[in-house]
Amino acid sequence: MINLNSFFKLKSIFFISLIIQFPLVLNDIKSDTLQSESKETIRNSLNLNYFKKNDQSDYILGAGDTISIVVSRDYPELTTDYIIDIDGKINIRKLKRIYVENLSIKELENLLNEAYTEFVKFPDVEVNVISYRKIKVFVEGEVENPGLQTMEGSSFAFIQNASTKNNMNYYPTVFDALRSAGGITRYSNLKDIEIIRKELLSNGGGYKATNVDFEKTIKYGNQSQNIRIYDGDIIKVKRAETPQENNLSLAISSQLNERFIKVYISGRVRNAGEIKVSRASHLNDAINISGGLKTLKGHINFLRFEKNGDIMKRKFKYAKNAKRGSFKNPALINGDIIYVG
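Values in this document were obtained by computation on a predicted structure and should not be read as measured data.

Cut-offs used in this document
Residues numbered from 1 in each chain as written. Predicted model: local features only at pLDDT ≥ 70, side-chain atom pairs only at ≥ 80, totals over all residues. Heavy atoms only, no water. Helix = DSSP H or I, 4+ residues; strand = E, 2+ residues; numbered from the N terminus. Buried < 20%, exposed > 50% of the residue type's maximum accessible area, 1.4 Å probe, protein only. Contact = heavy atoms within 4.5 Å. Areas by Shrake-Rupley, 256 points an atom, 1.4 Å probe, with all protein chains shown as cover. 1 Å grid on protein atoms, 1.4 Å probe; cavity = no way out; pocket = protein on both sides within 12 Å on 5 of 7 lines; lining within 4 Å. Points joined across faces, edges and corners; volume = space filled by probe spheres on them. Nonpolar A, V, L, I, M, F, W, Y, C, P; charged D, E, K, R; others polar. Salt bridge = Lys/Arg side-chain N within 4 Å of Asp/Glu carboxyl O. Pairing = 2+ DSSP bridges. Axes fitted to C-alpha atoms, helices over the stretch in contact; angles between N-to-C directions. Phe/Tyr/Trp six-rings, centres within 6.5 Å; stacked < 30°, edge-to-face > 60°. Lys NZ or Arg CZ within 6 Å of the ring centre and 35° of its normal.

## Here we look at the overall build of the protein
- A count of helices and strands for the protein gives seven helices and 17 strands.
- Every one of the 341 residues in the protein was classed for burial, and the buried ones make up 41%.
- If you take every contact in the protein between residues at least 6 apart in sequence, the share linking residues at least 24 apart comes to 62%.
- Surface exposure of the protein reaches about 19,600 Å², of which carbon and sulfur atoms provide 50%.

Shown next as structure tokens:
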């Protein structure tokens, strides 16, 4: 428990928290008996304590969040909305200017309950986020455009059908972060994506990490692996040893990756210039889409700007039947340059 003194003196702390619960997934090879036992266990554990599941929110407050604070239902005049300013503070009634950044909702409620005992009998503080700040996450590794990604903290949507009208908030997930980074590459290891997050101060602060099998999300629609992301998260996509063409196809069909990329082709081709090709295309596909080579042609010069700033160059003779993914028929990425001498 954070004491009241630290409530006013907390300074900016960067930390990572991860409270993730994954449902038990039964293996296909397990017997019907084991599955029945598991179902019975779940039934027996289902009681009123279920309502208290995830009672301690792991969303961490920061500058730009708008929060509503109810001190007590008996004192409605103390209920007010506050915007956390750039210094991480709010100017709250009775307590004046206090520092709240880096606290979870539950931590703030506990501290305010302690603080308001001086002014209110039996305070029962409720804190709710009215609007979420933009979040910044760092995506690194095997994605098209690694680096800092900025997204909305939540997106508001109005849904209407024949029987209901609903207003809903949608929160960014791993899928959204990867899509913001341009999607995956052919070498993305989706089975082992590492996520690092700020830890709650009441849990000691610092950093925590977990790994998700995101392949299950794009392959089977398993949303337990597509967890919500928070401001300050770091997402690491490791490199697979071999190309994962099937995953790339799934990423395209699920709109994780854009369906088309742009490459530039010039020289002894029939239709030179910028062309749009499928993300699954190879060099020979681009040549065919450009109308094919002219009768008199020289070597093919292939250039690519690497993520680290280097320029990859290849020079070779055209091979119509070259294997897809080979040296003479490489898989294409956005911005590749092909020049036929």
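## What about the layout of surface pockets?
- In this model, the largest pocket occupies a volume close to 810 Å³.
- Taken together, 34 residues make up the lining of the largest pocket; nearest its centre are Thr185, Arg304, Ala331, Leu332 and Ile333.
- If you list the elements that add at least two residues to the lining of the largest pocket, you get α6 (245-253), β13 (260-267), β15 (300-305) and β16 (311-316).
- Here the residues of the lining of the largest pocket are counted per class, giving 13 nonpolar, nine polar and 12 charged.

## Section: the environment of Ala280
- Topologically, Ala280 is positioned in the loop between β14 (273-278) and α7 (283-289).
- The class for Ala280 is partly exposed, based on a relative accessible area of 28%.
- When the C-alpha atoms of Ala280 and Arg186 are compared, they prove to be 9.1 Å apart, with 94 residues separating the residues in sequence.
- Residues contacting Ala280, with those up to four places away along its chain left out, are Arg186, Ile252 and Arg324.

## Section: α6
- Three or more residues of α6 are buried, namely Asn247, Leu248, Leu250, Ala251 and Ile252.
- Check the buried side of α6 and you find it contacts β10 (188-198) and α5 (215-220).
- Directly beyond the C-terminal end of α6, a positive phi value near 65° is found at Gln255.

## Observations regarding the pattern of salt bridges
- As enumerated under the stated definition, the model contains 18 salt bridges in all.
- Here Glu144 ties to Arg279 by a salt bridge, and the two come within 3.5 Å at their closest N and O atoms. In this pair, Glu144 sits in the loop between β6 (135-141) and β7 (147-151) while Arg279 sits in the loop between β14 and α7, placing the two residues 135 residues apart along the sequence.
- A salt bridge links Lys191 to Glu215, with the shortest nitrogen-to-oxygen separation between them at 3.2 Å. Here the residue Lys191 occupies a position in strand β10, and Glu215 occupies one in helix α5, the gap between them amounting to 24 residues.
- The exposure class assigned to Glu215 is buried, which follows from its relative accessible area of 11%.
- Here the salt bridges do not stand alone but share partners, grouping Asp65, Arg133 and Asp231 into one network.

## Describing the sheet that holds strand β12 (residues 234-239)
- The five strands are arranged β7-β6-β12-β10-β11 in an open sheet whose pairing can be described as mixed. If you trace the sheet from one side to the other, it starts and ends with β7 and β11 (207-212), each paired once. The mean angle between the axes of side-by-side strands here comes to 25°, regardless of whether they run parallel or antiparallel.
- In the sheet, β6 pairs with β12 via four bridges, with the strands oriented parallel. The partner of Phe138 across the bridge, within β12, is Ile234.

## Quick word on the packing of aromatic side chains
- Within this structure, the stated rule accounts for five aromatic pairs.
- Arranged with centres 5.0 Å apart and planes meeting at 85°, the rings of Tyr59 and Tyr132 form a pair that is edge-to-face. Taken as a pair, Tyr59 in the loop between α2 (32-45) and β1 (66-70) and Tyr132 in the loop between β5 (126-131) and β6 lie far apart in primary sequence, 73 residues in all.
- Note on Tyr59: relative accessible area 5%, which makes it buried.
- Between Tyr132 and Tyr171, the ring centres sit 5.3 Å apart and the planes meet at 80°, which makes this aromatic pair edge-to-face. Remark: Tyr171 occurs in the loop between β9 (165-170) and α4 (174-180) and Tyr132 occurs in the loop between β5 and β6; sequence separation between them is 39 residues.
- The partly exposed category is assigned to Tyr171, whose relative accessible area is 28%.
- Grouped by ring-pair contacts, the aromatic residues Tyr59, Tyr132, Tyr171 and Tyr230 constitute a single cluster.
- Sitting above the plane of the Tyr132 ring, Arg228 keeps its charged end 5.3 Å from the centroid.

## Describing the side chain of Ser72
- Summarising the element assignment, Ser72 is placed in the loop between β1 and β2 (80-83).
- Under the relative-accessibility criterion, Ser72 is labelled buried at 3%.
- Residue contacts for Ser72: discarding those within four places in its chain leaves Phe122 and Asp124.

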